Amino acid sequence: MKWFRILSAVLAAAFSCAFSPSFAQSVPSAYGPNLPFTVGGGMSDLDVDWGKSRMLGYTGWVDWRPGLRSYLDGLGIEAEGHNTAYDATNGLTNFSQLTFSAGPSYEWRRYRNFRPYGKWLFGFGRLDYTLDVNGVNTGYSTTNLVYSPGIGFEYRAFHRLWLRAEYEYQMWPGLLGKTLDPQGFTAGVSYDFRTIRF
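Residues numbered from 1 in each chain as written. Predicted model: local features only at pLDDT ≥ 70, side-chain atom pairs only at ≥ 80, totals over all residues. Heavy atoms only, no water.

Draft legend 1. Summary view of the pattern of salt bridges. For the structure shown, the criterion picks out 14 salt bridges. Between E154 and R115 there is a salt bridge whose closest N-O contact spans 2.8 Å. With E154 in strand β6 (residues 136-158) and R115 in strand β5 (residues 114-133), the pair connects residues that are 39 residues apart, well separated along the chain. Side by side, E154 and R115 carry an identical accessibility label, which is buried. Across the pair D192 and R115 runs a salt bridge, and its minimum N-O distance is 2.8 Å. With D192 in strand β10 (residues 183-192) and R115 in strand β5, the pair connects residues that are 77 residues apart, well separated along the chain. D192 sits in the buried class, given a relative accessible area of 0%. By relative accessible area, which is 4% here, R115 ends up buried. Through salt bridges with shared partners, a single network forms among D63, R65, E78, E80, E107, R115, K119, E154, R164, E166, E168 and D192. (Salt bridge = Lys/Arg side-chain N within 4 Å of Asp/Glu carboxyl O. Helix = DSSP H or I, 4+ residues; strand = E, 2+ residues; numbered from the N terminus. Buried < 20%, exposed > 50% of the residue type's maximum accessible area, 1.4 Å probe, protein only.)

This is how it looks when you write it as structure tokens:
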């Protein structure tokens, strides 16, 4: 829980510093740089599918949306990283999951301040853990292919600042003779560099 509080404070301070100049502008932020990217970060609460434990972690993402025509307008690519390593609910120790993945995503832009989206990401995950082997705690690390479908929504909080809530289901096929299926929720903040006019 200590890491959760520290990371929350760091994220809040970083976003406060990054966006404080925008509040003093006399020109609306809608006329700022227009880039097809959204960047963000947040905290995750996942069932890691290892000993029935839930753990906390942090997540970062970058979305690229080129602005295609017609019904393809919301199509893009998302890259995402998870580090899940804190505050296990059943006393799980020396365990962490680190994933990096990317893939197609689609957001529905039919609402002024509300954007539902879906995604299907592919990438790699690293699992670090400790096992008791003949009375000796031995550390192990393994890397595996990961599939990560997810759904969520973003809500406009202020100009280009959006709040995000998401559910993600990960699949680690063939890991240690089984499929590991971590799943859970992420909440965070995104900054959209696109110029969106209403």
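Continuing now.
Draft legend 2. View of the nonpolar core. Listed in full, the 11 residues of the largest apolar core are V48, W50, M55, A88, F95, L127, Y129, V146, W172, L175 and L180. Setting aside its immediate chain neighbours within four residues, Y129 contacts W50, N94, F95, T138, G139, Y140, T142 and L176. (Core = buried A, V, L, I, M, F, W, Y, C linked by side-chain atoms within 4.5 Å. Contact = heavy atoms within 4.5 Å.)

Draft legend 3. Molecular detail of the packing of aromatic side chains. The full count for this structure, using the stated rule, is 10 aromatic pairs. Seen from their ring centres, F114 and F153 are 5.3 Å apart, and the 35 degrees between their planes marks the pair as tilted. In this pair, F114 is assigned in strand β5 and F153 in strand β6, connecting sequence segments 39 residues apart. The class of F153 is partly exposed, set by a relative accessible area of 35%. Taking 5.6 Å as the distance between ring centres and 20 degrees as the angle between the ring planes, the aromatic pair formed by Y129 and Y140 counts as stacked. Of this pair, Y129 sits in strand β5 while Y140 sits in strand β6, placing them 11 residues apart in sequence. Relative accessible area serves as the criterion here: at 8%, Y129 is assigned to the buried category. Here the aromatic residues W50, F95, Y129 and Y140 are joined through ring pairs into a cluster of three or more. Stacked on the ring of W162, the Lys or Arg R115 has its end atom at 3.6 Å from the ring centre. (Phe/Tyr/Trp six-rings, centres within 6.5 Å; stacked < 30°, edge-to-face > 60°. Lys NZ or Arg CZ within 6 Å of the ring centre and 35° of its normal.)

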